[in-house]
Amino acid sequence: MMLKGVVIVAVLAGVASLTLEAQGGRGRGGQGGAPQKVTAIRAGRLIDPDTGTAAVNQIILVADERITNVGPNVAIPAGADIIDLSKMTVLPGFVDTHTHEAMTYKEIPENNTYYYTYVTDPTPLRSIQAASNAMQLLSSGFTVVCDVGNNGLYADTALRQAIEQGWIPGPTIIPSGLIIGTTGGQFTPSPEMYKYHNIVYPEYLEANSRDEIVKAVRENLLFGAKVIKICLDCKPWGYSVDDIKLFIAEAALGGAKVNAHVQTKDGAQRAIDAGLHVISHGQQITPEQHAQMAAKGIYLASTDTPFTGYRGSAEGEKHAAEQLKSAHDKGVPVTFSTDMDYWNEKMKNEKGDWLNRGDLTIAFLQTWKAAGIPAKDILKALTINGYKAADVYKDQRGPIKAGYFADIVAIQGDPLADIDALRNVQFVMKNGAVFKKNGVITIDGLLHPGPVNGFRRR
């Protein structure tokens, strides 16, 4: 009887703990009862990317993770921490709507052969790459990152979970889990590799029939995907309009949108007809199709690689810029996106120092400039359009407004006049916690021995 009593007490205690967490507490190991930390930021210039305007001498009040007030005459409570950015330009964090943090294919040793990278880099190693890349992106001001596949066996959803629980600092990750595609995915394996070594999985999750599509979507959602990524036309036997609509409907049951890899004109038309949320790549989309996308509010993540000393070509940048200009001119809600998943020994600056993942990502501004996109529209693509494409607006994440999460960056200069000012981020706050100040990353207070934000948070 004594043992039964102990078990009952333990079960009741566990239920109480879970109930507290479900009601908004931070759960076991959390700080639900701690007093709020209040921070006041003095902003010299505060940019609203939605309108392309700036206000001077603003106060941003932050309590714990969220913004509570913004304005020129906001009273600063006694005891608040004060961050002086009065000589800087303050704006909301950036978004990369298409990247791959846990895939790094290289010139040496694999000669940029994707198969080789996938075979030789196990998921645990790729998870560590992803954690490092996430912090490098945050350092450059990217507070939301859409990680859309090619992450081994769910390295992306594990990364999101680690950041959400508080193990490491990083952006808000919008992971897709495994890319869903028809037979073969983006691979063209030999019969031996396909039949006997199952080479396609887990880089791609094959789904050909309606039942397989439903199962694949549910499997990704089960393991933590927040967006469903499909390879729409990677093979001639790609997905039909009805197939795509099924993806959309099934993803919606789990609160997710659908992002599709699109590489052909015909594939783009099917994506448009089905009403996809995001089309990725789309370098063969016509001006008429851009107009259709604009009418339907379909977001474009066109992954516009610039021509640099370490990557790309002049012809490739020219084509990407022409496509980007067409989309912008037709009113497509374009987003900043990179498809970054590579590395080589030429990735250094003029001083010979290594460029980090954030440097390499923000360098994609070059293609936008080549397209002649106005600075205010580039900034909107990098923020407002990105939040909407990533579907985080509903979670009150994005703009610097009362009630929203405090994801804030600061730079020197005016990006509305010179968009390249965004290349030198001096301050980063994520969820109300300072990650970078005076150009220096400081994470001593952001590394924890456990899931301080709750062990069920993902």
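The structure presented is a predicted model; accordingly, all values stated were derived computationally and were not measured.

Undergrad: Is there a simple way to explain the state of the cysteines in this structure?
TA: This model, assessed by the stated rule, comprises one disulfide. Disulfide partner of C231: C234, at an S-S distance of 2.0 Å. When the S-S torsion is -65 degrees, as for the bridge of C231 with C234, the disulfide is left-handed. Each member of the pair, C231 as well as C234, is classed as buried.

Undergrad: Can you help me understand the packing of aromatic side chains in this one?
TA: Each aromatic ring pair is specified by the distance between its two centres and by the angle formed by the two planes. Throughout the structure, instances matching the rule amount to 13 aromatic pairs. Ring centres 5.6 Å apart and planes at 80 degrees place the aromatic pair F94 and F142 in the edge-to-face group. Of the two residues, F94 is situated in strand β5 (residues 94-99) and F142 in strand β7 (residues 142-147); the sequence distance between them amounts to 48 residues. Residue classification places F94 among the buried residues on the basis of a relative accessible area of 0%. Here the aromatic cluster, defined as three or more aromatic residues joined through ring pairs, consists of Y114, Y115, Y118, F187 and Y204. The side chain of R66 reaches across the aromatic face of F405, ending 4.0 Å from its centre. R311 extends its terminal NZ or CZ atom over the ring of Y342, reaching a point 4.0 Å from the ring centre.

Undergrad: Before we go on, may I ask you to explain the pattern of salt bridges in this structure?
TA: Where charged atoms from two side chains of opposite charge come close, those side chains can pair. The tally for this structure, following the rule as stated, stands at 17 salt bridges. Of the charged contacts in the structure, one is a salt bridge between E65 and R457, with a shortest N-O distance of 3.7 Å. Remark: R457 occurs in the segment after β19 (440-441) and E65 occurs in the loop between β2 (53-63) and β3 (66-71); sequence separation between them is 392 residues. For E65, a relative accessible area of 17% gives the class buried. Taking the relative accessible area as the measure of exposure, R457 reaches 22% and is therefore partly exposed. Here K346 ties to E107 by a salt bridge, and the two come within 3.7 Å at their closest N and O atoms. Within this pair, whereas K346 is found in the loop between β15 (342-343) and α11 (357-362), its partner E107 is found in the loop between β6 (105-106) and α2 (114-120), the two being separated by 239 residues in sequence. Judged by its relative accessible area of 46%, K346 is partly exposed. Through salt bridges with shared partners, one network takes in E65, E164 and R457.

Undergrad: What exactly am I supposed to notice about the pairing of strand β18 (residues 433-437) here?
TA: A regular strand places its side chains so that they alternate between the two faces of the sheet. Both strand β17 (residues 425-430) and β18 contribute to a ladder of three bridges, which runs antiparallel. Each residue of the ladder has a partner; that of V428, found in β18, is K436. Here β17 folds back onto β18, and the loop between the two strands holds two residues, one of which, N431, carries a positive phi near 55 degrees. Where β18 meets β19, two bridges bridge the pair, whose relative direction is antiparallel. Along β19, the bridge assignment pairs K437 with V440. Remark: two residues form the turn of the hairpin made by β18 and β19, two consecutive strands paired antiparallel; N438 in that turn has positive phi of roughly 55 degrees.

Undergrad: Explain the sheet that holds β3 to me, please; I cannot follow it from the model alone.
TA: Reading across the sheet, the eight strands line up as β3-β2-β1-β4-β16-β17-β18-β19 and stay open at both edges, with mixed pairing between neighbours. Looking at strand neighbours, the two that pair on one side only are β3 and β19, the edges of this open sheet.

Undergrad: Would you take a moment to explain unusual backbone geometry for this structure?
TA: Where the residue is not glycine, phi is negative for most of them; where a peptide bond is considered, it is trans in most cases. The step from I108 to P109 runs through a cis peptide bond, and the omega angle for that step is 10 degrees. You can see P109 is positioned in the loop between β6 and α2. With an omega dihedral of 10 degrees, the bond running from Y201 to P202 counts as a cis peptide bond. Here P202 lies in the loop between α5 (191-196) and β10 (204-206). Even without glycine at this site, N111 takes up a positive phi of about 55 degrees. For N111, the position within the fold is in the loop between β6 and α2. At N198, a position not held by glycine, the phi torsion is positive, near 50 degrees. Structurally, the position occupied by N198 is in the loop between α5 and β10. Of the residues examined, N198 reaches a relative accessible area of 45% and is grouped as partly exposed.

Undergrad: So what exactly am I meant to see when it comes to the environment of A406 here?
TA: With respect to the helices, strands and loops of the structure, A406 is situated in the loop between α14 (384-389) and β16 (408-411). Those residues in contact with A406 that lie beyond four places of it in its chain are V62, E65, R66, I67, M429, K430, N431 and G432.

Undergrad: Just to check I follow, could you spell out the sheet that holds strand β9 (residues 179-181) for this structure?
TA: Hydrogen bonds between backbone atoms are what pair the strands of a sheet, whose relative direction is either parallel or antiparallel. Taken in spatial order, the six strands of this open sheet run β10-β9-β11-β12-β13-β14, and their pairing is parallel. In this open sheet, the two edge strands, each paired with only one partner strand, are β10 and β14 (299-301). Neighbouring strand axes in the sheet, compared pairwise and without regard to direction, differ in orientation by 30 degrees on average. Alignment of strand β11 (residues 227-231) against strand β12 (residues 257-262), held across five bridges, turns out to be parallel. Among the inter-strand pairings, C231 is bridged to a residue of β12, identified as H261.

Undergrad: I would appreciate a short explanation of the pairing of β2 in the present structure.
TA: Pairing between strand β1 (residues 38-48) and β2: ten bridges, direction antiparallel. Across the sheet, I41 pairs through a bridge with I60, a residue of β2. Hairpin connection, β1 to β2: the antiparallel pair is bridged by four residues, and G52 has positive phi, about 70 degrees. Taking the residues that link successive antiparallel strands as the turn, the β2-β3 hairpin has two residues, and the phi of D64 there is positive, at about 55 degrees.

Undergrad: I would appreciate a short explanation of the nonpolar core in the present structure.
TA: Grouped burial of nonpolar side chains is what soluble globular proteins tend to show. If you look at the biggest cluster of nonpolar residues, it comprises 82 residues, and the most contacted ones within it are I180, I228, I230, F247, I279 and L422. Every residue in contact with I228, bar those within four places of it in the chain, is listed here: I180, V217, N220, L221, F247, A251, K257, V258 and N259. Residues A43, L46, A406 and M429 belong to the second largest nonpolar core, which totals 16 residues.

Calculation rules
- Residues numbered from 1 in each chain as written.
- Predicted model: local features only at pLDDT ≥ 70, side-chain atom pairs only at ≥ 80, totals over all residues.
- Heavy atoms only, no water.
- Disulfide = S-S within 2.5 Å.
- Buried < 20%, exposed > 50% of the residue type's maximum accessible area, 1.4 Å probe, protein only.
- Phe/Tyr/Trp six-rings, centres within 6.5 Å; stacked < 30°, edge-to-face > 60°.
- Helix = DSSP H or I, 4+ residues; strand = E, 2+ residues; numbered from the N terminus.
- Lys NZ or Arg CZ within 6 Å of the ring centre and 35° of its normal.
- Salt bridge = Lys/Arg side-chain N within 4 Å of Asp/Glu carboxyl O.
- Pairing = 2+ DSSP bridges.
- Contact = heavy atoms within 4.5 Å.
- Axes fitted to C-alpha atoms, helices over the stretch in contact; angles between N-to-C directions.
- Core = buried A, V, L, I, M, F, W, Y, C linked by side-chain atoms within 4.5 Å.

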